[in-house]
Amino acid sequence: MTGSARSTIAARGVSLVEATLSMLVLSLAGAAGMNAIGQAAAGRTRTAERADAASLAADHIEQAFALAYVEPGAAAAALGLDTGESATRSTHDDADDAAGLTQSPPRRRSGAAISGYTSDWSRQAAVVWCDPNAPGTDAKEDINAKRLTIDVRRSGRLLASFQAVRTRAGDRLVPSTATTVISNTAVAASKS
Amino acid sequence: MPTDPTRTQPRAHRHARASVYVLVLVTVALVVGVGVTTVQLSTADSQRVELLHDLHAARALARSGLDLLAQRLTDAPDWRDAAAKSATTAAWTLDTGSITGRIVRAGVTPLTDVTAADTSSMRIGLASLGRSGEARATLYAEVDAPQTPLAVNRLNALSPVSLWPMTEAVGATSARDIRPLANAGVYSNPNSVGGVTLPSGERAPYFNKTGDIVTIAHNEAYLLNAYTFAVWVYPTALRSTMGLFSKNRSGRNAGDFEITLKSLRPCVVFQTTLTDLTATSPTGLSLDEWSLLVVSIGPSGGLRMFINGSLVLTDAAFGGASLGKVLLLQPNGNTNPIVIGAAVQENAGVVSLPLAGSTRAVALIGRELSDAEVSTLYSNGYNSTDAWQVVPGSIRWHVE
């Protein structure tokens, strides 16, 4: 076969090299695309987990503000459960009753498991006495302030960690559920 | 001469080849586009959730700030003192963010710190700003606080025999006794009257030299064998001895009673023909701060001394039966006047050991007070009926 004949055959379609390269390029692009989609899906799962974790932690904090600072009827009490209380939060009536409480999976105040959360989820509460003038500093005894830390984890990974401070004087404030959302930029703008 | 193959390819073949190239490029472009878009959407979603997370955290911090402000308000028996010193802003830090709390004028936008000129107002605002990451949440509440300084209110609630607020304005000569006895004192030096502006806008005397005193005439109602003396005092100098309160007779051991500050440590001296008692607190008052000093004496508890609501000294000898009828202001001839702001030394009329500082809300209560009463008097506040109250419906959130 002459060279002219081979050229004629090749020119009729796509060469083997071109076909191979095309498939390689398509494969690489496909793999990269699938990887990106996979990463995005995994990221979306992690994002959803973090959103759920934030809600779980915020929910617990919100409820803690609705409770009394100290066991009702007692001037002072040790941190943690008081007489007649249990790990079920419906029995809790003051801000430190949840101290040391770990729920896996997280549960509602009634004690019922929250649907959608498996046993690899956990919500842990820690409460310490702190200085009302420097709430990041622990106190050895009750000086009218308690710092709550709520950690939410999944499979050991920390997804959300919120802190809040309850003070004895805070008992006089209206429960946060009675608040009203307003549009007021003045507060935020001040001293920023 | 060889022929260029492409020139010899049929047109259809060239089109097929080009189509393959285009197909490959378009497919790659689509895949890359989808991938990039997916990643961008995922990133945006992640950022949105991070912001949501931070908003939750900031909201918890802002709510905490309101609690901390409430405690701050409560821990200061007269919060107006802090306002007068422009100490109306507090900053706190937690692991998850920061909090800024402010005591502001109620209902004023933009937020404006209260000043000494504002603090006679009943209503103030508490503003708390929580920050976490990019999120900020603010919480604002208004509270009503009694217009009369709490110090006077709480003392008055104990029905003292006499209560001298000492809040007269410059130029006044009479120190009112707001109890029914109405046994007003007399400022001996007009220059000392109203020398200090109280955060409430009222005044307090400033004693800084001999002769800056208030003299209160003796009254039969002061012939007590159980009593409590209470005073808010603001010392401005550290001296070995400064007179604060005295009711001394002429001559030693004739029935003298005085309270002095020895290097700011309150000291009670009680001298009679039968005994000579001295009790000095191991704890001193704070310089340049208002402190509540309470001395309660009676047969049951002897002497108990409190600084800012805390028991710092007891002395049973002051309640001993040996004192018999010669307890303070006793009916044993001590009809001398009370002097505030100095000590009257052994010879009546010689005023010495002047106080450097201010006093206000001076009260003489005709009985011993319990530890709990003194604590409430100083006031942790939360049990007090005259402390601040939240204005219903005034709590407002803003998150961004």
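Residues numbered from 1 in each chain as written. Chains lettered and ligands numbered in written order. Predicted model: local features only at pLDDT ≥ 70, side-chain atom pairs only at ≥ 80, totals over all residues. Heavy atoms only, no water.

## Here we look at the overall build of chain A
Logical step 1: Secondary structure assignment for chain A yields three helices and six strands.
Logical step 2: Along the chain direction, N to C, the helices and strands of chain A fall in the order α-α-β-β-β-β-β-β-α.
Logical step 3: Relative to its 192 residues, chain A shows a buried fraction of 42%.
Logical step 4: In chain A, once contacts between residues fewer than 6 apart in sequence are set aside, the share between residues at least 24 apart is 47%. (Helix = DSSP H or I, 4+ residues; strand = E, 2+ residues; numbered from the N terminus. Buried < 20%, exposed > 50% of the residue type's maximum accessible area, 1.4 Å probe, protein only. Contact = heavy atoms within 4.5 Å.)

## Some words on the environment of Arg 109 of chain A
Residue and element names in this part refer to chain A.
Logical step 1: You can see Arg 109 is positioned in the loop between β1 (102-103) and β2 (121-131).
Logical step 2: Arg 109 sits in the partly exposed class, given a relative accessible area of 29%.
Logical step 3: Considering only alpha carbons, one finds Arg 109 and His 60, 49 residues apart in sequence, at a separation of 9.0 Å.
Logical step 4: Those residues in contact with Arg 109 that lie beyond four places of it in its chain are Gln 63, Leu 67, Thr 88, Arg 89, Ser 90 and His 92.
Logical step 5: Polar side-chain contacts of Arg 109 include one of 2.7 Å to the backbone oxygen of Arg 89. (Polar contact = N/O pair within 3.5 Å; in protein donor to acceptor, adjacent residues only side chain to side chain.)

## Concerning the environment of Pro 205 of chain B
Logical step 1: Relative to the helices and strands, Pro 205 of chain B is located in the loop between β9 (203-204) and β10 (206-207).
Logical step 2: On a C-alpha basis, the gap between Pro 205 of chain B and Gly 357 of chain B in space is 8.3 Å, while along the polypeptide they are 152 residues apart.

## As for the sheet that holds strand β13 (residues 242-247) of chain B
All names here are of chain B.
Logical step 1: Across the sheet, which stays open at both edges, the eight strands sit in the order β6-β7-β11-β20-β13-β14-β15-β16 with antiparallel pairing between neighbours. Of all the strands in the sheet, the pair left with one neighbour each is β6 (174-175) and β16 (276-280).
Logical step 2: Relative to strand β11 (residues 214-216), strand β7 (residues 185-187) is paired through three bridges, and the arrangement is antiparallel. The residue of β11 that forms the bridge with Tyr 187 is Val 214. (Pairing = 2+ DSSP bridges.)

## Comments concerning the pattern of salt bridges
Logical step 1: In this structure the tally under the stated criterion is 19 salt bridges over all chains.
Logical step 2: Residue Arg 166 of chain A pairs with Asp 67 of chain B through a salt bridge whose shortest N-O separation is 2.8 Å. Taken together, the positions of Arg 166 of chain A in strand β5 (residues 157-167) and Asp 67 of chain B in helix α2 (residues 11-75) put the pair across two chains. Comparing Arg 166 of chain A with Asp 67 of chain B shows no difference in burial state: the two are buried. (Salt bridge = Lys/Arg side-chain N within 4 Å of Asp/Glu carboxyl O.)

## Digging into the confidence of the model for chain B
All names here are of chain B.
Logical step 1: Of all residues in chain B, 78% attain a pLDDT of 70 or more, and the chain-wide mean is 80.
Logical step 2: Taken element by element, chain B is modelled with least confidence in helix α1 (residues 5-8), mean pLDDT 54, and with most confidence in strand β5 (residues 162-164), mean pLDDT 95.
Logical step 3: Ignoring residues within four places in sequence, the model shows residues 380-385, a span with pLDDT below 50, making twelve contacts including any to other chains.
Logical step 4: For this predicted complex, the interface score ipTM comes out at 0.81, alongside a pTM of 0.60. (pLDDT = per-residue confidence, 0-100.)

## Examining the nonpolar core
Logical step 1: Counting 43 residues, the largest nonpolar core has Ile 259 and Leu 303 of chain B as the members making the most contacts within it.
Logical step 2: Counting residues per element, this core draws most heavily on strand β12 (residues 227-235) of chain B, at four residues.
Logical step 3: Within the second largest apolar cluster, 30 residues are counted, among which are Ala 169 of chain A together with Val 114, Val 143 and Trp 397 of chain B. (Core = buried A, V, L, I, M, F, W, Y, C linked by side-chain atoms within 4.5 Å.)

## As for helix α5 (residues 371-378) of chain B
In an α-helix there are 3.6 residues to a turn, and that puts residues three or four apart on one side.
Logical step 1: Those residues of α5 of chain B not exposed but buried are Val 374, Leu 377 and Tyr 378 of chain B. On an axial view of α5 of chain B, the arc spanned by its buried residues comes to 95°, and they lie on one face. (Arc of directions from axis to C-beta.)

## Quick notes on the pairing of strand β18 (residues 302-307) of chain B
All names here are of chain B.
Logical step 1: Of all six residues that make up β18, six are buried, and the element is covered over most of its length.
Logical step 2: Summarising the sheet, strand β17 (residues 291-298) and β18 pair through six bridges and their orientation is antiparallel. Residue pairing in the sheet places Gly 298 in a bridge with Gly 302 of β18.
Logical step 3: The antiparallel hairpin formed by β17 and β18 contains three residues in its connecting segment.
Logical step 4: Where β18 and strand β19 (residues 310-315) come together, five bridges link them in antiparallel fashion. Bridged to Met 305 within β19 is Leu 313.
Logical step 5: Linking β18 back to β19 in an antiparallel pair, the connection comprises two residues, with Asn 308 at a positive phi of about 50°.

## Quick look at the pairing of β2 of chain A
Residues and elements named next belong to chain A.
Logical step 1: With two bridges joining them, β1 and β2 adopt antiparallel strand pairing. Bridging across to β2, Thr 102 finds its partner in Gln 124.
Logical step 2: Where β2 and strand β4 (residues 145-154) come together, nine bridges link them in antiparallel fashion. If you follow Trp 121 over to β4, its bridge partner there is Arg 154.

## Some details on the packing of aromatic side chains
Residues and elements named next belong to chain B.
Logical step 1: Under the definition given, this model contains seven aromatic pairs over all chains.
Logical step 2: Summarising the aromatic geometry, the rings of Trp 164 and Tyr 222 are spaced 6.5 Å apart at their centres and angled 65° between planes, so their arrangement reads as edge-to-face. Linking Trp 164 in strand β5 with Tyr 222 in the loop between β11 and β12, this pair joins segments that are 58 residues apart in sequence. Across the pair, Tyr 222 and Trp 164 agree in class, each one buried.
Logical step 3: Ring geometry for Phe 257 and Phe 270: centres 6.3 Å apart, planes at 75°, overall edge-to-face. Placement of Phe 257 in strand β14 (residues 256-262) and of Phe 270 in strand β15 (residues 265-271) is noted, with a sequence separation of 13 residues between them. (Phe/Tyr/Trp six-rings, centres within 6.5 Å; stacked < 30°, edge-to-face > 60°.)

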